[in-house]
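Each chain, letter by letter, is given below.
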Amino acid sequence: MSNLARRSIMPDTGNYLTIEGGHRLSGEIGISGAKNSCLPILAATLLVKGACHIENVPRLSDIFNMAKVLRSLGATVNWTGRHSLSIDTSNVSCLEPDPVLVQKMRASVLVLGPLFARFGQAMIPLPGGCSLGKRPIDLHLLGMESLGGFVAENDEAVTVKLTNGRRPVGTTINLNFPSVGATENILMASALAEGTTILNNAAREPEIIDLANLLNKMGAKIVDAGESTIIIVGTSELRPVSHRVIPDRIEAGTYIAATAITAGKVTLTDVCTDHLTSLLQRISSTGCKITTEIDKITIDAPDVLRSTDVRTQPYPGFPTDVQPQYMALMTRASGESIFVEKIFERRFLAADELRRMGADIRVIDNCALVNGGRKLTGCEVNAPDIRAAAALLIAGLWADGSTRLKGLGHLYRGYEDPVGKLSALGARIAENNFVTDTATGISQG
Ligand code: EPZ
């Protein structure tokens, strides 16, 4: 197993990043494949007998964990290139993923739909809450029940079993919230159903479209993915395919905020500009100059940023997964910014740590008020989740002095080689280890 894989999967080994503030980012970096598209796509390979080949796979620990979940079910998963995987689920026999892995990564619940559809049953240890809140799976279970599953739950796991013993049965399903994961599980399960499924109030994220494109390549008949109502005409069998994962719009949004806080100028390549419309509108209103091509974005940031408000929404609204990073950015903007978080109960965890750096942020329920313009001071901070880790890293790029970012396990769950990518843009950043406490080498930007 590569060093990156070993480090990323292991619990925090006392590693931390040292970030030296005050260096403008400049240059060009490539954006990796989308974590939140690749995870359901890997789960979807459980629907077919044979080997699927997936390209543009990001090398980050959530992907390594999903590979372990598939292996724990009996699949063969091999890296066929730096960013490509071959997954053969012909010999899948276990219908319950490893509980330890499910606890580590909520996205493991995405094997529920494929296992239920192909084998008629599945047992999923309850993924539990996380720093973002309770994270229930009631909408996932509503989908499976609607498709003919019988759901039995205890306080550790949930089992879903087909009542007719053959295949899921197409029906109309109405979600009371456009849940991304529930939409994905329902798409995968209904693709093998008898008859047609109409899914109302479906999530519209680009990752839903990417999954539907994969399923249609496999032989499914899915119409209007990306709209609020999706039609899935079930089929009896799906076949293995090759597929390239779309670019990661959240990683792109993260590096856009990192560039802006350093008053830098950076070009991002291998992006899908269309997936970032809402975010690019917000970042332009801060005074950043944005130029775009279909797969490239250049951001040229001013020395003085204007404050702007953010209200997270399901796609195509402002993505909740970039909200913490944008909050870090607004600590540099002059004036007040109001944040309204409409997706998760607890997504302002970065605020506590940003305040330790001197940020003026007040949180009241699902609102946060950032009074920006005051210089932050580097200090030791601890990342509570993936996107808060990115937010603290971004704050460290601008803060006076150096910032020590702990909780790297969270950062490496969602980002491929952030140290390498930021160093290539001129950041002074290095990974260190408490145990040896010797820098692995401050990168010369
Ligand atoms: C996906 O999570 C993403 N994860 C999240 O990204 C992202 O923040 C989220 O969608 C929203 O865009 C992956 O794709 C792997 P949801 P998911 O179901 O599917 C409630 C990151 O940082 N809900 O759309 O879990 C839920 O509690 C991660 O990359 C129910 O009530 O999100 C939440 O408040 C974090 N019942 C809201 O809906 C359910 O059955 C959104 O959840 C399911 C969800």
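Attention here is on the structure that accompanies the text. Computed from a predicted structure; not experimentally measured.

Points about the sheet that holds strand 12 (residues 229–233)
Taken in spatial order, the 4 strands line up as 9-10-12-11 in an open sheet, and their pairing is mixed. Each edge of the open sheet is held by one strand with a lone partner, namely strand 9 (172–174) and strand 11 (221–223). Neighbour-to-neighbour, the strand axes of the sheet open up by a mean angle of 15 degrees, direction not taken into account. The pairing of strand 10 (residues 196–200) with strand 12 spans 5 bridges and is antiparallel. Counted as the bridge partner of threonine 196 is valine 233 from strand 12. Strand contacts of helix 7 (residues 180–190): strand 9, strand 10, strand 11 and strand 12, with the helix running at about 25 degrees to strand 12, the strand carrying the most contacts.

Focus: the pairing of strand 15 (residues 289–293)
Sheet topology places strand 15 next to strand 16 (residues 296–300); 5 bridges connect them, and they run antiparallel. Bridging across to strand 16, threonine 292 finds its partner in isoleucine 297. The turn linking strand 15 back onto strand 16 is made up of 2 residues.

Comments concerning empty space enclosed by the protein
It is the rolling of a water-molecule-sized probe over the atoms that shows where space remains empty. Across all of its chains, the model carries 4 cavities of 30 Å³ or more by this definition. Forming the walls of the largest cavity are Thr254, Tyr255, Ala258, Ala390, Leu393, Ile394, Leu397, Leu411, Tyr415, Pro418 and Leu422. Looking at the lining of the largest cavity, the elements that each hand over two or more residues are helix 9 (249–261), helix 13 (386–398) and helix 15 (418–424). Tallying contributions element by element places helix 13 first for the lining of the largest cavity, with 4 residues. Here the residues of the lining of the largest cavity are counted per class, giving 10 nonpolar, 1 polar and no charged.

Re the pattern of salt bridges
By the definition in use, this model includes 13 salt bridges. Between aspartate 321 and arginine 347 there is a salt bridge whose closest N-O contact spans 2.5 Å. Placement of the pair is aspartate 321 in the loop between strand 17 (310–311) and helix 11 (323–330) and arginine 347 in the loop between strand 18 (335–340) and helix 12 (349–356), with a sequence separation of 26 residues. Each member of the pair, aspartate 321 as well as arginine 347, carries the same accessibility label: buried. Several salt bridges converge on common partners, so that one network encompasses Lys35, Asp62 and Arg413.

Re the site of the ligand
Near the ligand, the surroundings consist of 22 residues, among which Asp138, Leu139, Ser179, Asp321 and Ile343 are the closest. At 2.7 Å, a side-chain N or O of serine 179 approaches an oxygen atom of the ligand. Between the ligand and arginine 387 there is a distance of 2.8 Å, counted from an oxygen atom to a side-chain nitrogen or oxygen. Burial of the ligand by the protein amounts to 87% of the accessible area it has alone, namely 820 Å². Its residues assigned to classes, the shell around the ligand comprises 10 nonpolar, 5 polar and 7 charged. If you count residues domain by domain, the shell around the ligand takes at least three from each of domain 1 (3–32 + 247–444) and domain 2 (35–244).

Thresholds applied
Residues numbered from 1 in each chain as written. Predicted model: local features only at pLDDT ≥ 70, side-chain atom pairs only at ≥ 80, totals over all residues. Heavy atoms only, no water. Pairing = 2+ DSSP bridges. Helix = DSSP H or I, 4+ residues; strand = E, 2+ residues; numbered from the N terminus. Axes fitted to C-alpha atoms, helices over the stretch in contact; angles between N-to-C directions. Contact = heavy atoms within 4.5 Å. 1 Å grid on protein atoms, 1.4 Å probe; cavity = no way out; pocket = protein on both sides within 12 Å on 5 of 7 lines; lining within 4 Å. Points joined across faces, edges and corners; volume = space filled by probe spheres on them. Nonpolar A, V, L, I, M, F, W, Y, C, P; charged D, E, K, R; others polar. Salt bridge = Lys/Arg side-chain N within 4 Å of Asp/Glu carboxyl O. Buried < 20%, exposed > 50% of the residue type's maximum accessible area, 1.4 Å probe, protein only. Near = heavy atom within 4 Å. Polar contact = N/O pair within 3.5 Å; in protein donor to acceptor, adjacent residues only side chain to side chain. Areas by Shrake-Rupley, 256 points an atom, 1.4 Å probe, with all protein chains shown as cover. Domains from an automatic or database assignment.

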